[in-house]
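# Residue-level structural notes
Each chain, letter by letter, is given below.
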Amino acid sequence: MAEKIKIVGIIGSGFTGKQIAAHTALHDFIVKVYDITPTVLEDAKKYISGVLKRKNKTEAIQNVSYYSDIDEALEDVDLVVEAVPENLELKKIIFSQIDNSAPAHTIIGTNSSSYPVSKIESAVKRKDKLLNLHFYPPIPMTPMVDIMRGSETSEETFEIGKKWIEDIKCEPLVVKKECLGFVFNRVWHAVKKECLKIWEGGYADKETVDTAWKIFTGMKRGPFTSMDGIGLDVVYAVEMSYYNESGDPNDKPPDALKQMVENGDLGMKTGNGFYKYRRRK
Ligand code: NAD
């Protein structure tokens, strides 16, 4: 089964796409990286080559190639992981492009943080070859991936996807039936939601919440620092997608978070979020 995946295409090489690409190359797969923005692609190349050098896998650098043309990127891939921004309409457009460009046998996975792949599947013909493959950056530190079926995903597709996750030395978090938030992201959603409510309502300082979390869990980062790491634009989009799905006013993310996103205060990547940072390269 493992031999079924040899070449992996990554669509969107931003914050998570480049990490998935580097981790995949580290485990001896051929990786083809595509992004619509040339500067992002350049940055991804520096990042991926840097990771492979640091891990003493310089020979794997030649296994990673970079594309601005989606047809070229996908002409011979066995698996595609889509990691473009959290926007359902955009994901449908990209899935349709992937469906047109990739060989008939290729499995398509989305790294979406909130959308079940069943919401995207109307955009493609190969409905039996779709998966949610949701990663948790920073990927080497949190080696686990949610895996969830679409409404017509075949058992073969699911087993190949699960085996691939194991081959890149991650823990497959198997979702048995469609679930908003998959496995652990659902838990993380509950944590984020309550932390944001404490912050929005002025019940306690964010520093107090983060300190309590670190003492209680033994983790190095509290939830507000983690949200800054993820990117507040991503956090806001994901929380909005839960809210749109449930329609429960209690799920609506704070307006103050929306304001931060509109101000360009996106967390570590811009230097300003719940906390201040030196800008991430
Ligand atoms: P990002 O903005 O860093 O990266 C998205 C990339 O997609 C950008 O490089 C952008 O240039 C590219 N892109 C945009 N339109 C495109 C197009 N039409 N064709 C090709 N590339 C295009 O975002 P991100 O944080 O990496 O999030 C990407 C996806 O991963 C989202 O669905 C998000 O929910 C999910 N995700 C994010 C995290 C996280 O911690 N940030 C964790 C797990 C999953």
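The coordinates are above.
What counts as what
- Residues numbered from 1 in each chain as written.
- Predicted model: local features only at pLDDT ≥ 70, side-chain atom pairs only at ≥ 80, totals over all residues.
- Heavy atoms only, no water.
- Near = heavy atom within 4 Å.
- Polar contact = N/O pair within 3.5 Å; in protein donor to acceptor, adjacent residues only side chain to side chain.
- Areas by Shrake-Rupley, 256 points an atom, 1.4 Å probe, with all protein chains shown as cover.
- Helix = DSSP H or I, 4+ residues; strand = E, 2+ residues; numbered from the N terminus.
- Pairing = 2+ DSSP bridges.
- Axes fitted to C-alpha atoms, helices over the stretch in contact; angles between N-to-C directions.
- Phe/Tyr/Trp six-rings, centres within 6.5 Å; stacked < 30°, edge-to-face > 60°.
- Buried < 20%, exposed > 50% of the residue type's maximum accessible area, 1.4 Å probe, protein only.
- Lys NZ or Arg CZ within 6 Å of the ring centre and 35° of its normal.
- Parallel < 35°, antiparallel > 145°, perpendicular 65-115°, else oblique.
- Contact = heavy atoms within 4.5 Å.
- Nonpolar A, V, L, I, M, F, W, Y, C, P; charged D, E, K, R; others polar.
- Patch = residues over 30% accessible without salt bridge, like charges linked within 9 Å, V, L, I, M, F, W, Y side chains within 5 Å.
- Salt bridge = Lys/Arg side-chain N within 4 Å of Asp/Glu carboxyl O.

Further remarks concern the site of the ligand. With respect to spatial proximity, 24 residues lie near the ligand, and among them T16, D35, E86, K91 and S113 are the closest. Contacts to the ligand include T37, whose side-chain N or O atom sits 3.3 Å from an oxygen atom. Here E86 contributes a side-chain N or O atom positioned 2.5 Å from an oxygen atom of the ligand. Compared with its free state, where it exposes 830 Å², the ligand has 88% of that area covered by protein. Examining the composition of the shell around the ligand, we find that three residues originate from one element, helix α4 (residues 88-101), more than from any other.

The next subject is the sheet that holds strand β8 (residues 171-174). By definition, the strands of a sheet pair up through backbone hydrogen bonds, in either a parallel or an antiparallel sense. Spatial strand order, β3-β2-β1-β4-β5-β6-β7-β8: eight strands in an open sheet with mixed pairing. This sheet does not close on itself; its edge strands, each paired only once, are β3 (64-67) and β8. Each neighbouring strand pair of the sheet contributes to a mean axis angle of 25°, computed without reference to strand direction. By the bridge criterion, four bridges tie strand β1 (residues 7-11) to strand β4 (residues 79-82) in an arrangement that is parallel. Its bridge partner being in β4, I11 is matched across the sheet by E82.

Right, let's get into the packing of aromatic side chains. With the rule as written, the count across this model stands at four aromatic pairs. Look at W199 and F274: their rings are 5.0 Å apart centre to centre, the planes differ by 90°, and that puts the pair in the edge-to-face class. Taken as a pair, W199 in helix α6 (residues 184-201) and F274 in the segment after α10 (255-262) lie far apart in primary sequence, 75 residues in all. By relative accessible area, W199 is classed as partly exposed at 22%. One cation-aromatic arrangement involves K18 over Y47; the distance from NZ or CZ to the ring centre is 5.1 Å.

Close contact between helix α8 (residues 223-230) and helix α9 (residues 232-246) brings their axes to 6 Å; oriented N to C, the two are set at 100°. Overall, the two elements α8 and α9 adopt an arrangement that is roughly perpendicular. Contact residues: M227, D228 and I230 in α8; L232, V234 and V235 in α9. By residue class, the composition of the contact of α8 with α9 is five nonpolar, no polar and one charged.

Between P137 and P138 the backbone carries a cis peptide bond, its omega angle lying at -5°. Along the polypeptide, P138 turns up in the loop between β6 (130-135) and β7 (144-149). With a phi close to 60°, K169 is a non-glycine residue in the positive phi region. If you trace the backbone, K169 turns up in the loop between α5 (155-167) and β8. Even without a glycine there, the phi angle at F182 is positive, about 60°. Its place among the elements puts F182 in the loop between β8 and α6. Using a relative accessible area of 2% as the deciding quantity, one classes F182 as buried.

The next subject is a nonpolar patch on the surface. A surface patch of nonpolar side chains, about 230 Å² in accessible area, is lined by V183, F184 and V187. Note on placement: V183 falls in the loop between β8 and α6. With a relative accessible area of 35%, V183 lands in the partly exposed category.

Going through the model one piece at a time under the given rule, you end up with 20 salt bridges. We note a salt bridge from E86 to K91, for which the minimum N-O separation is 3.8 Å. We classify E86 as buried; its relative accessible area is 16%. For K91, a relative accessible area of 1% puts it in the buried group. Each of D28, K57 and E59 takes part in salt bridges that share partners, so that together they form one network.

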